[in-house]
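If you want the building blocks of each chain, they are given just below.
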Amino acid sequence: MGVKPFEATNRSIFFGRDEDIEGLFNLILSEKLVVLFGKSGYGKSSLLNAGVLPLFQEEEEADRRARVVEVRLGAFVQGQTRSPRDSVLAKLEEKLPESGLPPDDGLDSLYPNAADRPLWYHVKRRQAAGEGGRFVVVFDQFEEFFSYPRAEQEQFKRELAELLYSDIPQHLRKHLAQLPPEAKRRVAQPMNVKAVFAIRADRMSLLDSMTDVLPAILHKRYELRSLTTSQAREAIVKPAGLPQNGFVTTAFE
């Protein structure tokens, strides 16, 4: 693939990272928030795209499956880039369009002003419609987040903390009594949302600025190291040896 990262469609030729795939997948399953870090060029995006994330759709056990929402923010450009919050909403809409969801007057009544509806509302809206289950929100090349204006960073991290750690936000609890029983039941479902941040090792210190609302952000980390000699050989030889690649030779094997 050269400098281009592997995508999910390249899974059949992605080799050499079996231990990392298993280790990172199991860590995400067991934790609410995970940071994947490693030096630039070590293959963090490839590990996610072609190794770990497809497993969440393929798992036979329901409690290990999840809907994956992949977000790449891009570096901030004044007047051209969305806010981090709006980038997440756009990807969520791409995966599960709101136009396809049934009305939910109970949930909408908690946030009558559409402009005030946070990430929590938009994920809960999809979960309450029966389209949810577990969500894994993945932020690749997350170092780009820190190029955004401070106000956008602050809004995003507050809303993300609420999404990850509040089944029902505190300010909504006093309004639950006014909901009909069925709407109350939908709102009270556990959120079951996880987040994964992939970031360059030399930018890890930037995450310190998020610990005020996400104190556990640096607690569960997975370091992606360089390929060993045997892993590198596997990553080269096995794809080349696949019949569909059309250049198998005895000498190469």
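Provided above is the structure to which this section pertains.
Residues numbered from 1 in each chain as written. Predicted model: local features only at pLDDT ≥ 70, side-chain atom pairs only at ≥ 80, totals over all residues. Heavy atoms only, no water.

**Details of the packing of aromatic side chains**
What characterises a pair of aromatic rings is the spacing of the ring centres plus the angle enclosed by the ring planes. Stated formally: Only Phe, Tyr and Trp rings take part, Trp by its six-membered ring, and two of them pair if their centres are within 6.5 Å. Stacked means planes under 30 degrees apart, edge-to-face means over 60, and tilted covers everything else. Note on conventions: DSSP H or I runs of at least 4 residues are helices, E runs of at least 2 residues are strands, and numbering of each starts at the N terminus. Between buried and exposed lies partly exposed: a residue is buried under 20% and exposed over 50% of the maximum accessible area for its type, with that area taken using a 1.4 Å probe on protein chains only.
Enumeration according to the criterion identifies 13 aromatic pairs in this entry. Ring geometry for phenylalanine 139 and phenylalanine 156: centres 5.5 Å apart, planes at 85°, overall edge-to-face. Note that phenylalanine 139 is positioned in strand 3 (residues 135–139) and phenylalanine 156 in helix 6 (residues 150–165), a separation of 17 residues in sequence. Phenylalanine 156 gets classed as buried once you look at its relative accessible area, which sits at 0%. Every member of this aromatic cluster is reached through a ring pair, and the members are Phe139, Phe142, Phe145, Phe146, Phe156 and Phe197.

**Some details on the nonpolar core**
For clarity, the threshold we go by: To form a nonpolar core, buried Ala, Val, Leu, Ile, Met, Phe, Trp, Tyr and Cys residues must be joined to one another through side-chain atoms within 4.5 Å.
Core analysis: the largest hydrophobic core is formed by 45 residues, its most contacted members being Phe142, Phe197, Leu207 and Met210. Membership of the second largest hydrophobic core comes to 25 residues, among which are Leu48, Ala50, Phe56 and Tyr222.

**Here we look at the sheet that holds strand 1 (residues 33–38)**
Basically, it comes down to this: DSSP-based pairing: two strands are paired if at least 2 bridges between them are found. Convention adopted: a line fitted to C-alpha atoms gives each axis, helices being fitted over their contacting stretch, and angles between N-to-C directions are expressed from 0 to 180 degrees. Only heavy atoms matter for contacts: two residues are in contact if any of them lie within 4.5 Å across the pair.
Strand order in the open sheet made by the five strands is 2-3-4-1-5, with parallel pairing throughout. In this open sheet, the two edge strands, each paired with only one partner strand, are strand 2 (67–71) and strand 5 (221–223). Sheet twist, expressed as the average angle between the axes of neighbouring strands with direction ignored, equals 20°. As defined by bridge partners, strand 1 adjoins strand 5 across three bridges and the pair is classed as parallel. Each residue of the ladder has a partner; that of valine 35, found in strand 5, is arginine 221. Sheet strands touched by helix 3 (residues 84–95): strand 2 and strand 3. Its angle to strand 2, the strand with the most contacts, is close to 140°. Set on the sheet, helix 6 makes contact with strand 1, strand 3 and strand 4 (193–200); between it and strand 4 the angle comes to about 135°.

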